[in-house]
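Okay, here's what each chain looks like letter by letter:
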Amino acid sequence: MNSLTLRRPDDWHVHLRDGAALAAVVKFTAQRFGRAIVMPNLKPAITTTALAQAYRERIMAALPKGARFEPLLTLYLTESTAPAEIDRARAAGFVHGIKLYPAGATTHSDAGVTDMAKVHGVLARMEELDMPLLVHGETPRPDIDVFDRETHFIDSVLAPLTERFRSLRVVFEHITTAGAVEFVSKARAGVAATITPQHLLHNRNAIFAGGIRPHYYCLPILKREHDREALLGAATSGNARFFLGTDSAPHERAAKESACGCAGMFTAHAAIELYAEAFESVGRLDRLEAFASHFGADFYGLPRHNDTITLVKESWMPPRVYDFGAGALVPFRAGESIAWRLAGT
Ligand code: NCD
Ligand code: ZN
């Protein structure tokens, strides 16, 4: 197969940042995707509908001329989020989920939740208004091995939460383990998961190949090969609970290549191309469209797009760096080849 035309996909988990960084990266997402669920972990975090509205306007202003791209905003859940904020979010129409970061789990998560009991009132309101909960699923405790934090979270937080709030829609974001695949597959209706391209393409050896490679560090961290295989199996299974979410998370080069480097991989410049590689590796390109363009839209109750994109089997090389405001951004596969190209790029 030398070319592949798909209904236009959506990215159900992306970090677009703000200011000059936003201006540098949003075009990549808008070129490929019709919509994206935009993460709220700015500094300060997007905790209210009013902040989300202003952020939405900044995203729209940063789009290239003529782009037809719709940012779907999210609110950052804190222990002081009021249930009435969910009403405002629902009424606004542009907020499509509320993001739970366990405090300390990842980049800009210090305003997150330490005690789930403190957000039960908000979760109950979300359940009533059918506002999805988007979950960063890790228990960031220092006594828990970094490779076990997702598993611990499933048992201690996620399983009880999906039982307690039986009709709350939940997206378990960027799942990384075979255990998470099993949990989502067996969960009650209304529980889904996103999967990133890096977790489909790599296992944790990539972080240590010949030396320490900060550009392969993201959270949740890459796991074992059998986890990668389980994720690839889920993504290509045709099960509508699993859909595309890149978690593209740009950081300036110096913040990655550092004695204490930031978590996050930038994949937006080649997102759908990388998924095509992953699906092709198991002979399942025929299932890419549903994963990328149908299941997420259906879960979020949004229409599927009517236009298409075309991928061509033509290898290309991302540059060593992209401009990123004042600094530089090292993209995924910098200076290496990618097998598929988006037509027109
Ligand atoms: C994300 C970021 O940099 O904002 N980093 C990452 O490694 N994925 C935060 C997140 O989604 O965990
Ligand atoms: Zn993320």
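An account of the accompanying structure is given in this report.

The rules behind each value
- Residues numbered from 1 in each chain as written.
- Chains lettered and ligands numbered in written order.
- Predicted model: local features only at pLDDT ≥ 70, side-chain atom pairs only at ≥ 80, totals over all residues.
- Heavy atoms only, no water.
- Axes fitted to C-alpha atoms, helices over the stretch in contact; angles between N-to-C directions.
- Helix = DSSP H or I, 4+ residues; strand = E, 2+ residues; numbered from the N terminus.
- Left-handed = near helix turned anticlockwise from the far one by under 90°.
- Contact = heavy atoms within 4.5 Å.
- Nonpolar A, V, L, I, M, F, W, Y, C, P; charged D, E, K, R; others polar.
- Phe/Tyr/Trp six-rings, centres within 6.5 Å; stacked < 30°, edge-to-face > 60°.
- Buried < 20%, exposed > 50% of the residue type's maximum accessible area, 1.4 Å probe, protein only.
- Pairing = 2+ DSSP bridges.
- Salt bridge = Lys/Arg side-chain N within 4 Å of Asp/Glu carboxyl O.
- Donors = N, O, S within 2.8 Å, 3.2 Å for Na, K, Ca; no water.
- Near = heavy atom within 4 Å.
- Polar contact = N/O pair within 3.5 Å; in protein donor to acceptor, adjacent residues only side chain to side chain.
- Areas by Shrake-Rupley, 256 points an atom, 1.4 Å probe, with all protein chains shown as cover.
- 1 Å grid on protein atoms, 1.4 Å probe; cavity = no way out; pocket = protein on both sides within 12 Å on 5 of 7 lines; lining within 4 Å.
- Sits in = over half its atoms within 2 Å of the grid points.

With that settled, the discussion passes to the packing of helix α1 (residues 19-32) against helix α2 (residues 49-62). The geometry of α1 relative to α2 is characterised by a closest axis approach of 9 Å and an angle of 65° between their N-to-C directions. The handedness of the crossing between α1 and α2 comes out as right-handed. For the pair α1 and α2, contact is made by Leu22, Ala23 and Val26 and by Arg58, Ile59 and Ala62, respectively. Residues belonging to the contact of α1 with α2 are distributed by class as follows: five nonpolar, no polar and one charged.

On to the packing of aromatic side chains, then. Aromatic rings in a pair are described by how distant their centres are and how their planes are angled relative to each other. In total, this model carries 13 aromatic pairs according to the counting rule given. A centroid spacing of 5.8 Å and a plane angle of 75° characterise the contact between Phe28 and Phe266, whose relative ring orientation is edge-to-face. Here Phe28 is found in helix α1, whereas its partner Phe266 is found in the loop between α9 (253-256) and α10 (271-281), with 238 residues between them in sequence. Owing to a relative accessible area of 9%, Phe28 belongs among the buried residues under this scheme. Where Phe28 meets Tyr322, the ring centres are 4.7 Å apart and the plane angle is 55°; that geometry is what we call tilted.

This next bit is on the pairing of strand β2 (residues 11-14). By the bridge criterion, two bridges tie β2 to strand β3 (residues 35-38) in an arrangement that is parallel. When the bridges of β3 are listed, Val14 appears paired with Val38.

This next bit is on the pattern of salt bridges. What the rule picks out here adds up to 21 salt bridges. With its nearest N and O atoms 2.8 Å apart, the salt bridge here joins Asp18 to Arg58. Of this pair, Asp18 sits in the loop between β2 and α1 while Arg58 sits in helix α2, and the two are 40 residues apart along the sequence. Given the relative accessible area of 29%, Asp18 is considered partly exposed. Close ionic contact of Glu173 with Lys99 constitutes a salt bridge, the shortest N to O distance being 3.8 Å. One end of the pair, Glu173, is in the loop between β7 (170-172) and α6 (178-186); the other, Lys99, is in strand β5 (residues 95-100), with 74 residues separating them in the sequence. Summarising the burial analysis for this pair, Glu173 and Lys99 share the class buried.

What follows is about the coordination of the zinc ion (ligand 2). In the first shell of the zinc ion (ligand 2), the protein supplies His13 (NE2), His15 (NE2) and Asp247 (OD), at 1.9 to 2.1 Å from the metal. Look at where the donors of the zinc ion (ligand 2) fall in the sequence and you get H-x1-H-x231-D. The exposure class assigned to His13 is buried, which follows from its relative accessible area of 0%. What makes His15 buried here is its relative accessible area of 7%.

Right, let's talk about the site of ligand 1 for a bit. In the vicinity of ligand 1 there are 15 residues, among which Asn41, Thr106, Leu219, Asp247 and His251 approach most closely. At a separation of 2.7 Å, an oxygen atom of ligand 1 approaches a polar side-chain atom of Thr106. The backbone of Ala263 places a nitrogen or oxygen atom 3.1 Å from an oxygen atom of ligand 1. For ligand 1, whose accessible area on its own is 310 Å², the fraction buried by protein is 100%. With respect to the pocket detection grid, ligand 1 is positioned in the largest cavity. When the residues that make up the shell around ligand 1 are grouped by side-chain class, the tally is four nonpolar, nine polar and two charged.

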